[in-house]
Amino acid sequence: MFRNGKLFLPPPRDGSDFKELFKRLAAAGAGRPLGKDGFPAGPWTPELLAEAISQIDSNRIGVDLRTVQLWFQENGKGISAANIRWLARVFGCDDPEATSEWQVELSAAQSRLSAKRREWKRAGNSVAKDIPDTALTAAFDEETDPPAELAWDTDAQGPRRRFNLARKSEAFFSHGSPLNLPASVFAGMTALGFLSYIIGIHNVTYERADGLVKQVGFLWAANWTLDFMVFLPLFFFFVIELLVFWKSEGRRKLAAQGDQVESDDAWLRNVDASSYTYWSVFLICLLFAGLFQWIGVSLIPLMKGGGNYAMDWGKIALVRPAVISVPETVIFTGLAYLYMCLVFYLFFAGLILLYTVVHDLWKIGDGLKKLPHVDHQQELNEAGLTVMRGVFRCTVLGVLVAIWMKVQSSYLASSGENIVAWLVGDMSSMFQGRNDVSTGFRYRMPTHYSSLLIVISTCFVFLYGSIRLGVGGRLYAPLWKMSAVVALLVVSYLLIDAFAGFSTLLAISVPVALYGLFDPGLGRWRESELGNNQSVS
C-alpha cells in the first residue's frame, strides 16, 4: 500500500511494545519513498531516518542521530512523546489521518514497553531493586543517556554508579533554591571569619624590616572578605538566574520542544559535551590553585621559612608566635585553601555554563534563521538581550573579584599601613604630586597570575557572547555600553599599582560597574533597535 509516493503500513494493533513494533517497521522501510523502479527503497538506517525526521518542516531542531541509533539497538530505551509525533509523521507518510493513527499506536507501544520495565523491576533485578518505580520508568523512556544518578557501569563485581561531574556541577546551579549556592559560599567565608577571630588573626599587625607596622589580619584581606562574601555570591546568584530563565523559558520557547523533559534532555546533552572541560578545571583548581599553592605559599614557608612571599595572615606565626602557633596556622590555611579552591571551581563551572547557554542560543538561532518564510528575529533578540545582560553582570563580578585579588597582593608589598589608608593615600598622591605611595618591597606574587587568569576567562565568555549574539544582529546599542564598562574595568585591573594615583581610576570604574549590575544598559535605549517600539531599561 502506498500513500504520497511512500510505502505505507497500517498500524498492526497486535499488542507489540515499541521495540518490537519499531524493528518490524524499520526493516520494512515503512514511510520511505519508492525507488525509481517503483518498488520500496529498502529498510531504514539510523542515518536515513534521522535525516527524514529532521527534514519535516515543522520540526525546527530535528533529531539527534544518536537518539535514532538507540531506537535501533537492543536496549531498554523507549521514545519521548515529542519524537513519537515525528516518527508518526514518517510512518504515516505525511497523511494526517494515517499520522494520527500511528501516533496512537506508537504511544500505546511505548506504554507497553514501560509496563514491561516495571514488571522487570518488580521481579527483583539487582540493578533496579533500589530505584523508585517512577525513576526507572523515566530512565527507560528517555531517548538519551539517563541522568548521572541513574547511570550504571558494569564490571566484574556487578553494577556500579557512574559519576558525571558535568551534570553534578550543573545541578549545583539549577537544582533547589537560587539562594542555596550563594548562601553556602557566604556561610563558608563567615565560618572562616569566626575561626580567624577565635584564634586571633582577624586583626593582627607586624613590624616590617623597614620599621613599618602593617595590618595583615584575615578580615582585612579584601580578596577574602569582599570576594567571598559579596562578589562571588552575587556571581553565583546571577548565573543561577540566567540558567533558570534559559532552561524553563528561553530554550523551550525558541526550540519549540514538545515538553519540558525533551528540552531538559537536549540541554543536558550540551552540558555533557563539556565534560572534559569540567574535569580539567576541577583538577587545576584542586591540585594547582589549592594543594600545590598551599604547599608552596604557606606550608613550606611555615615549616622551613623562606619563599620570598609577602607576610600575611597565613604566615604571621613566623613573626608573631605569641598570637598563633605554626600547627594552628597550618590547619587554618589548609581549611581556607580547600574552601577557596572549591569555590573557584564552582566559579569556573559557572563560566562554562554561561558559555553553554550562549552557544546553545546561537545554535538554535542559526537553525531558526534557515527556516523559510518564518521570522523569529524578535524572539531571538529578546532572548539574546536577556542572556547578554546576565553574562555582562557575571563578567563585571568576575573582573571585580580579580581586581581585589590584585589590590590585596599589591598592598602587601606596598608602604601602606592598612589597605584603606594605602588606597586613600595613593589617590591623594595624584593631586599632591607625590609618587612614592606604592614604593615597597618586591615579593613573589602568585595572586597576580591567578587573578589574570580569572580576567581572561571571564572576558572570553563575554566576548564570545558578544560575537555570537551581537555581531550582525540588533543588539549593538546595548552591547557597546556593556563592552565599554568591561573594558574600563579591565584597564583598571591592569593599571593597579602601575603608577601613583591608580586608585582614582578604580574609584571611577568600580561604582560604574556596580551600577551596571542594576542597569546593564547604563540608561535607556529605544527598543525599536530590537524589533519593536517599546522601551527597555
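Only a predicted model underlies this, so the values are computations on that prediction, with no experimental measurement involved.

A.B. asks: What should I look at first to understand the packing of aromatic side chains in this one?
C.D. replies: Both the distance between ring centres and the angle between the ring planes are used here to describe each pair of aromatic rings. Scanning all chains against the criterion turns up 29 aromatic pairs. Ring geometry for tyrosine 355 versus tyrosine 464: centroids 4.7 Å apart, planes at 40 degrees, classification tilted. In this pair, tyrosine 355 sits in helix α12 (residues 326–369) while tyrosine 464 sits in helix α15 (residues 446–469), placing the two residues 109 residues apart along the sequence. You can call tyrosine 464 buried: its relative accessible area is 12%. Following the ring pairs from residue to residue traces out a cluster consisting of Phe173, Phe218, Trp224, Phe228, Phe235, Phe236, Trp313, Phe332, Tyr339, Phe344, Phe347 and Phe348. Between the NZ or CZ atom of arginine 32 and the centre of the ring of tryptophan 44, over which it lies, the distance is 5.6 Å. The aromatic ring of tyrosine 411 is capped on one face by lysine 214, whose charged end is 4.0 Å from the ring centroid.

A.B. asks: Explain unusual backbone geometry here, please?
C.D. replies: Trans peptide bonds make up the majority, and among non-glycine residues the majority have a negative phi. For cysteine 93, which is not glycine, the phi torsion reads 55 degrees and is therefore positive. Residue position: cysteine 93 is located in the loop between α4 (81–91) and α5 (96–122). Relative accessible area serves as the criterion here: at 1%, cysteine 93 is assigned to the buried category. Phi is positive for aspartate 94, close to 60 degrees, though the residue is something other than glycine. Position of aspartate 94 among the secondary structure elements: in the loop between α4 and α5. Residue classification places aspartate 94 among the partly exposed residues on the basis of a relative accessible area of 37%.

Calculation rules
Residues numbered from 1 in each chain as written. Predicted model: local features only at pLDDT ≥ 70, side-chain atom pairs only at ≥ 80, totals over all residues. Heavy atoms only, no water. Phe/Tyr/Trp six-rings, centres within 6.5 Å; stacked < 30°, edge-to-face > 60°. Helix = DSSP H or I, 4+ residues; strand = E, 2+ residues; numbered from the N terminus. Buried < 20%, exposed > 50% of the residue type's maximum accessible area, 1.4 Å probe, protein only. Lys NZ or Arg CZ within 6 Å of the ring centre and 35° of its normal.

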